[in-house]
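Okay, here's what each chain looks like letter by letter:
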Amino acid sequence: MNVPLFDTSTVLEPLREELRAAVARVLDSGRFILGPQVEAFEREMASYCGARHAVGVANGTEAITIALRAMGVGPGDEVLVPSFTFYASAEAIPPTGATPVFCDVDPQTFCINAETVADALTPHTKAVIAVHLFGNVAPVAEIEALGVPVLEDAAQAAGSRAAHGRPGALGTAATFSFFPSKNLGCFGDGGMIVTDDAHLADEARVLRFHGSRDKVSYEQLGYNSRLDELQAAILRVQLPHLDDWSDGRRRGAAHYAEAGLGELVTLPRPTIGASPAWHLYVVRHPEADRLATALADAGIGCRAYYRTPVHEQPAMRAWGEGLTLPGTEEAARTHLAIPISPVLSREQAEQVVSAVRSAV
Ligand SMILES: Cc1ncc(COP(=O)(O)O)c(C=O)c1O
């Protein structure tokens, strides 16, 4: 039997009728943009995260741009961002007028930390984007202790926990993506900004609607970036199950450890106090490409996500050229995502480990 890289459909099977009913209710209501579903989901997601406010936007990329602008980031500022992440974490910075400054990651956790941030700080640093990559939780408190505001990019970390709260309530603000394959995914694009800061939330609400409060006066250049009612209704059905699904992801990682995967490859290390809801389960091996070929031949889904780090991407040349980021390069060269999902069984994990054992 093949083992797929991820499985987003099995857990939705028992929710099909509820999802259909939620979609039908929106259809019958005739309200499609910024209505009661979005408002309710904003309340529910803020409460889930342990924060006061949430603002639904069109996707996780615009969530970052809007959150940065609501934090006061603009032309002349620098924003620190890891280079080992999905491209959008950095792509979202230049539209604010600020400059991306790439910082290194710890390849063991795939996250930035106080040390890598301190190396990249300058007097122009206005904010740090801490990406909770693969569901691990970047150490936000130790970065904030350097005296710089943190925006959490929690696109991959819905359902994860840190020692003192959830992603969404650790930094000044946090952003989520509800892209369908995420831990909490809708049936299209969607995103959200979560924060305790009422002023920041208010700014984000204005920015997501063309920079206007009343559709009469347009006080600043904004965006047309809203979560829609259908997606919010779909997400409301799923949110109550996120903790169970996250436990399933942790169970999958435990099956791997019990089957001896750690003797064959380097396992991802949770940051101190973190309980990651592994969005992707990413191991490291010096010959990751050879391992990938062998696993694919054995019917095991696997993928190297970020072989070329963001600072080496052509569009980032102006900000990335000539940089040396050893942790990033190590992670980029050696990482490989292997199957994980809320329903990865012990048998499937053993099959993956056995294929890894044959390959290495
Ligand atoms: C770490 C990270 N940041 C940002 C994004 C952007 O989210 P979206 O695709 O919803 O724009 C994603 C996901 O796609 C992501 O994985």
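Residues numbered from 1 in each chain as written. Predicted model: local features only at pLDDT ≥ 70, side-chain atom pairs only at ≥ 80, totals over all residues. Heavy atoms only, no water.

Structural notes on unusual backbone geometry
Within the chain, F134 stands out as a residue other than glycine whose phi angle is a positive 60 degrees. Of the residues examined, F134 reaches a relative accessible area of 1% and is grouped as buried. Even without being glycine, H210 reaches a positive phi, approximately 60 degrees. With respect to the helices and strands, H210 occurs in the loop between α7 (198-208) and α8 (229-238). (Buried < 20%, exposed > 50% of the residue type's maximum accessible area, 1.4 Å probe, protein only. Helix = DSSP H or I, 4+ residues; strand = E, 2+ residues; numbered from the N terminus.)

Structural notes on the pattern of salt bridges
Taken as a whole, this structure holds 15 salt bridges when the rule is applied. In this structure, R236 and E44 form a salt bridge, with 2.7 Å as the shortest nitrogen-oxygen distance. In this pair, R236 sits in helix α8 while E44 sits in helix α2 (residues 36-49), placing the two residues 192 residues apart along the sequence. Where R213 meets D202, a salt bridge forms, and the shortest distance between an N and an O atom there is 3.0 Å. A residue pair is termed long-range when its members are at least 10 positions apart, and R213 in the loop between α7 and α8 and D202 in helix α7 qualify at eleven residues. What emerges from the salt-bridge pattern is a single network uniting E42, R205 and R208. (Salt bridge = Lys/Arg side-chain N within 4 Å of Asp/Glu carboxyl O.)

What about the site of the ligand?
Inspection of the region around the ligand gives 13 residues, with G60, T61, D153, S177 and K182 positioned closest. D153 has a polar side-chain atom sitting 2.7 Å from a nitrogen atom of the ligand. At 3.1 Å from an oxygen atom of the ligand is found a side-chain nitrogen or oxygen belonging to K182. Relative to its free-state accessible area of 390 Å², the ligand is covered by the protein chains to the extent of 92%. Secondary-structure elements contributing two or more residues to the shell around the ligand are α3 (60-70) and α4 (88-91). Class assignment for the residues of the shell around the ligand results in four nonpolar, seven polar and two charged. (Near = heavy atom within 4 Å. Polar contact = N/O pair within 3.5 Å; in protein donor to acceptor, adjacent residues only side chain to side chain. Areas by Shrake-Rupley, 256 points an atom, 1.4 Å probe, with all protein chains shown as cover. Nonpolar A, V, L, I, M, F, W, Y, C, P; charged D, E, K, R; others polar.)

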